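Tertiary structure, described
Chain by chain, the residues:
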Amino acid sequence: MDATNGNGGASKYITLVSKDGFEFVVLREATLCSDYIRGMLRNNMTEARTGRCELQDINGVILEKVVEYFHYWYKYRDREDVPDMEIPVENCLELVVAADYLGMDSKPH
């Protein structure tokens, strides 16, 4: 399957798939805060062509929170006064590991 928008350009959305098979459709631009996903969507990589990124090291519960952060980041990316994002204490360690894995510790390009 090709992830183009019908005009030959990349689709506006991509699908992220967790290791336990949960799928999340996400605005492509919102994922650009991840070096890892941005790298997958470049050039002629399979993920760039299909618009589907399988994340075999992240479970669905954590990926759901990561996707929430992608939308949060996208919504507030140009603002100075940003509200806090709710993060369940029981997920903090796994979220830090996922953020590191996805390269979300640097400033988006």
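Everything discussed here concerns the structure shown above.
Definitions and limits used
- Per chain, residue numbering runs from 1 following the sequence as it is written.
- With the structure being a predicted model, the display of local features is reserved for residues of pLDDT at least 70 and the display and counting of side-chain atom pairs for 80 or more, all residues being used for whole-chain, interface and lining totals.
- Side-chain numbers come from the whole structure's heavy atoms, not from hydrogens or water.
- For two strands to be treated as a pair, DSSP must find no fewer than two bridges joining them.
- Secondary structure elements follow DSSP: runs of H or I of four or more residues count as helices, runs of E of two or more count as strands, with numbering from the N terminus.
- All axes here are fitted lines through C-alpha atoms, helices being fitted over the stretch that makes contact, and every angle between N-to-C directions spans 0 to 180 degrees.
- Residue contacts are defined here by distance: any two heavy atoms, one from each residue, within 4.5 Å place the two residues in contact.
- By definition, a salt bridge exists where a carboxyl oxygen of Asp or Glu is found within 4 Å of a side-chain nitrogen of Lys or Arg.
- Residue exposure (1.4 Å probe, protein chains only): buried if accessible area is under 20% of the type maximum, exposed if over 50%, otherwise partly exposed.

This brings us to the pairing of strand β2 (residues 23–27). Here strand β1 (residues 13–18) pairs with β2 via 5 bridges, running antiparallel. Considered in β2, the bridge of Y13 is made with L27. Between β1 and the antiparallel strand that follows it, β2, lie 4 residues; G21 among them carries a positive phi value of about 90 degrees.

The next thing to look at is the sheet that holds strand β3 (residues 52–55). Taken together, the 3 strands give an open sheet; going across it, the order is β2-β1-β3, and neighbouring strands pair in mixed fashion. Because the sheet does not close on itself, it has two edges, and the strands there are β2 and β3. Adjacent strand axes in the sheet meet at a mean angle of 25 degrees when their direction is disregarded. Contacts between helix α3 (residues 60–76) and the sheet are confined to β1, β2 and β3, with β2 contributing the most and set at about 10 degrees to the helix.

On to the pattern of salt bridges, then. Tallying each qualifying case throughout the model produces 4 salt bridges. In this structure, the salt-bridge partner of R38 is D35, at a minimum N-O distance of 2.1 Å. A residue pair is termed a helical-turn pair when its members lie 3 or 4 positions apart in one helix, as R38 and D35 do in helix α1 (residues 35–40) at 3 residues. Under the relative-accessibility criterion, R38 is labelled buried at 9%. Overall, the relative accessible area of 30% leaves D35 in the partly exposed class. Put simply, R52 and E54 hold a salt bridge, and the shortest N to O gap is 3.6 Å. Given the relative accessible area of 31%, R52 is considered partly exposed. Given the relative accessible area of 42%, E54 is considered partly exposed. Among the charged side chains, a network of salt bridges with common partners joins E23, R52 and E54.

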